[in-house]
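# Chains, contacts and geometry: an overview
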Amino acid sequence: MEQRPRSFYILTVFFALFILFLYGPTLTIGILSFQGPQGGLTFPMNGVSMHWFFDLFEQQAVGDIWGAFRRSLALGLMVMVTTVVISVMGGLAFRKRFRGSGALFYLIIASLVIPSILISLGVGLIFNQLGFKIHWATSGFGSQLTWTLPFGLLIMFAVFNRFDKSYEEAARDQGATPWQTIRYVVLPIIAPSLIGVALFGFTLSYDEFARTLLTAGSYNTLPLEIFGMTTNVTTPVIYALGTLTTLFSLVIIGACMLALMVMARRRARHGSDAGRGV
Amino acid sequence: MDRILKSRNVMGWAQASPLALILFGFLVLPILTITVVSFWRATEFSIIPAFSLENYAFLFGSDVTYRVFFATFKYAAITWALTLGIGFTVAFYLAFHIRSQTMQIALFLLCTIPFWTSNIIRMISWIPFLGRNGIANQTLISWGVIDEPLEWLLYSDFSVILAFVHLYTLFMVVPIFNTMMRIDRSLLEAARDAGASGFQTLVHVIFPLTKPGIMIGTIFVVTLVMGDFITVRFMSGSQKANVGRLISNDIALLQYPSAAATSVVLLCTVLLTIAILLRFVDIRKEL
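Keep in mind it's a predicted model, so treat the numbers as computed, not measured.

### Topic: the UniProt feature "transmembrane region" (unreviewed entry) in chain A
Residues and elements named next belong to chain A. UniProt feature "transmembrane region" (unreviewed entry): in the numbering of this structure it lies at residues 7–34, 73–92, 104–127, 147–163, 184–204 and 237–262. Secondary structure over residues 73–92 splits into 100% helix and 0% strand, and the C-alpha atoms at its two ends are 29 Å apart. Overall, residues 237–262 shows 100% helix and 0% strand. The separation of its end C-alpha atoms is 37 Å.

Dropping the structure here:
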């Protein structure tokens, strides 16, 4: 192997600093959440304890965070499933140009670039004027989809742009119906990307703040609850909550990565069955 | 009947209808509503349908508006420059200096994981660093660089921009890395064979070919920063303002027509910015 140029070492240091910049603050609050009962919001550590984690389980200390967590979890799953289904359908639709597809495409981009607070305000106003009650599972759900769907669709566009159409032609030649082609040929091939879409759908919803702000109604989601805490909680209990919910996100990300790896390994093991047919 | 089903227009719309419905109900309608309400009047406790330009007259007649829009552009420009510099360097390192593909994927994932965690927690996590008695001040004092804690670390333009860079650099790294990975490596060899130095290859070959990725990253970062209100509010301790905060303050005071008028102006500004940026890149070709 050829000698590494000097720029490699400089850039490695730069990259390491960037990673430190990304993760350093989060690790810091991870450490600080183990503050002793008398500890403050910053170093030095005043002893080491699990005090602030136990505090999270006491209703009066922090409000209804477990209810908020349950709502965020439910909403995240709803958004995830909807995002996957609609993105796949949308991805299939956009493989062919149809009348109005250009306009719909620009609507998807608009959904991505529009300031979140406008969605929040607009949806809130509509529900208000129509006399509907805003609720996280209706107005909040729809508002979050305007943020997760563009990501899901962009992934699907990228996937279908690289999709080898001869697989479908082969299935059709063997007599598969259009539905069978999708169910037994297209979906299994794009399955790994669907895990990616699901990951985006869940995590973007679980952490969404601005679009839910005016559309969640009287029951807060977790990010709203955490933001409320920042104005009136001045103890490390907020670090403990931050650490727990970040760990939860990491578990979700890890599970998705694991699923992808298992899938890739299974594919490698089974390999192609070309020439081994009946 | 069969012919209708096979028509690509019918098929396309059948598959795209859930998407179209949601975008209509939760994107197009809300924007239309905001536009309509921006012409309404407000009293202290209710909003009244009307066709009045007073919200806009007030908005454009106030000094605050121009200052706040200027601040919004300032945040966007500084954040853009910093995220571009950092993002390009990181993407360049990953794409051209890491030789094993496994390592490349692992390091790329390391950069993207924070994107899937909560922005609010990531903002909160700067407090122990930047506070009056935070890590930064403690360290600088113990090194003897400063005698008294720096007051401008937290709740200032500095902390707002730091948080923006922290949250959004990733939106630069991903599209730039994506375009860099598609650059034909034989072009780099050709440049070297023709006698170009590493730096010349970077400036005259890699950079021009990376422009589409840079544009997509730019669109992300600029729109995210221009539409933000929560980062500015939290990281400036409510001491700084941008357009998003102007809107959210009006909402808090139940002045919906006024909030709607500001929203319409913000939306036009953002869309105009995007329209200009889109002249430089065809997004559909880049996917």
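### Some words on helix α6 (residues 116–130) of chain A
Residue and element names in this part refer to chain A. Given a rise of 1.5 Å per residue, 15 residues ought to cover 21 Å, and the 22 Å separating the end C-alpha atoms of α6 matches this to within 8%. Where burial is concerned, most of α6 is hidden: 12 out of the 15 residues are buried. For α6, the set of buried residues is S116, I117, L118, I119, S120, L121, G122, V123, G124, L125, I126 and F127. Of the residues trailing α6, G131 is marked for its positive phi of about 80°.

### Describing the UniProt feature "transmembrane region" (unreviewed entry) in chain B
All names here are of chain B. The UniProt feature table records "transmembrane region" (unreviewed entry) at residues 21–40, 75–96, 105–127, 158–177 and 256–281. Taken as a whole, residues 21–40 contains 85% helix and 0% strand, while its terminal C-alpha atoms sit 27 Å from one another. Taken end to end, residues 105–127 is 65% helix and 0% strand, and its first and last C-alpha atoms sit 32 Å apart.

### Describing the UniProt feature "domain: ABC transmembrane type-1" (unreviewed entry) in chain B
Under the UniProt annotation, the feature "domain: ABC transmembrane type-1" (unreviewed entry) is placed at residues 69–277 of chain B. This span, residues 69–277 of chain B, is 77% helix and 0% strand, and a straight line between its end C-alpha atoms measures 19 Å.

### Concerning the interface of chain A and chain B
Taken together, the contacts link 98 residues of chain A with 87 residues of chain B. When chain A packs against chain B, the two sides together hide about 8,000 Å² of surface, and 79% of this comes from carbon and sulfur. Tallying contributions element by element places helix α1 (residues 6–32) of chain A first for the side of chain A that touches chain B, with 17 residues. Looking at side-chain class alone, the side of chain A that touches chain B contains 64 nonpolar, 27 polar and seven charged residues.

### Thoughts on the domain arrangement of chain A
Accessible area lost upon the coming together of the parts serves often as the stated size of an interface. Residue and element names in this part refer to chain A. In terms of domain boundaries, chain A breaks down into domain 1 (28–57 + 234–269) and domain 2 (64–231). Taken over C-alpha atoms, the centre of domain 1 sits 27 Å from the centre of domain 2. Between domain 1 and domain 2, the residue contacts involve 15 residues of the former and 18 residues of the latter. Together, the buried faces of domain 1 and domain 2 total about 1,400 Å²; carbon and sulfur atoms form 83% of this surface. The tally of links from domain 1 across to domain 2 stands at three residue pairs in polar contact (both at pLDDT 80 or more). Across the side of domain 1 that touches domain 2, the residue classes tally to 12 nonpolar, two polar and one charged.

### What about the packing of helix α5 (residues 101–113) of chain A against helix α7 (residues 136–161) of chain A?
Residues and elements named next belong to chain A. Closest axis-to-axis distance for the α5/α7 pair is 8 Å, and the angle between their directions is 130°. Judged by the angle between their axes, α5 and α7 are oblique. Considering the relative orientation of α5 and α7, their crossing is left-handed. Across from F105, I108, S111 and L112 in α5, the residues of α7 making contact are T146, W147, P150, F151, L153, L154 and F157. Here the contact of α5 with α7 is composed, by residue class, of nine nonpolar, two polar and no charged.

### Notes on the environment of A:G152
Residues and elements named next belong to chain A. Relative to the elements of secondary structure, G152 occurs in helix α7. What makes G152 buried here is its relative accessible area of 1%. In the structure, G152 is positioned 64 residues away from A216 in sequence and 23 Å away in space, judged by C-alpha atoms. The residues contacting G152, other than those within four sequence positions of it, are T83, S87 and V197.

### Comments concerning the confidence of the model for chain A
With 95% of its residues at a pLDDT of 70 or more, chain A has an overall mean of 87. Between the elements of chain A, mean pLDDT differs from a low of 60, seen in helix α3 (residues 59–62) of chain A, to a high of 93, seen in helix α4 (residues 65–93) of chain A.

Reading the values: rules and limits
Residues numbered from 1 in each chain as written. Chains lettered and ligands numbered in written order. Predicted model: local features only at pLDDT ≥ 70, side-chain atom pairs only at ≥ 80, totals over all residues. Heavy atoms only, no water. UniProt positions renumbered as here; feature names shortened; annotations may be inferred. Helix = DSSP H or I, 4+ residues; strand = E, 2+ residues; numbered from the N terminus. Expected span 1.5 Å × (residues − 1). Buried < 20%, exposed > 50% of the residue type's maximum accessible area, 1.4 Å probe, protein only. Contact = heavy atoms within 4.5 Å. Buried area = accessible area lost by both parts, 1.4 Å probe. Nonpolar A, V, L, I, M, F, W, Y, C, P; charged D, E, K, R; others polar. Domains from an automatic or database assignment. Polar contact = N/O pair within 3.5 Å; in protein donor to acceptor, adjacent residues only side chain to side chain. Axes fitted to C-alpha atoms, helices over the stretch in contact; angles between N-to-C directions. Parallel < 35°, antiparallel > 145°, perpendicular 65-115°, else oblique. Left-handed = near helix turned anticlockwise from the far one by under 90°. pLDDT = per-residue confidence, 0-100.

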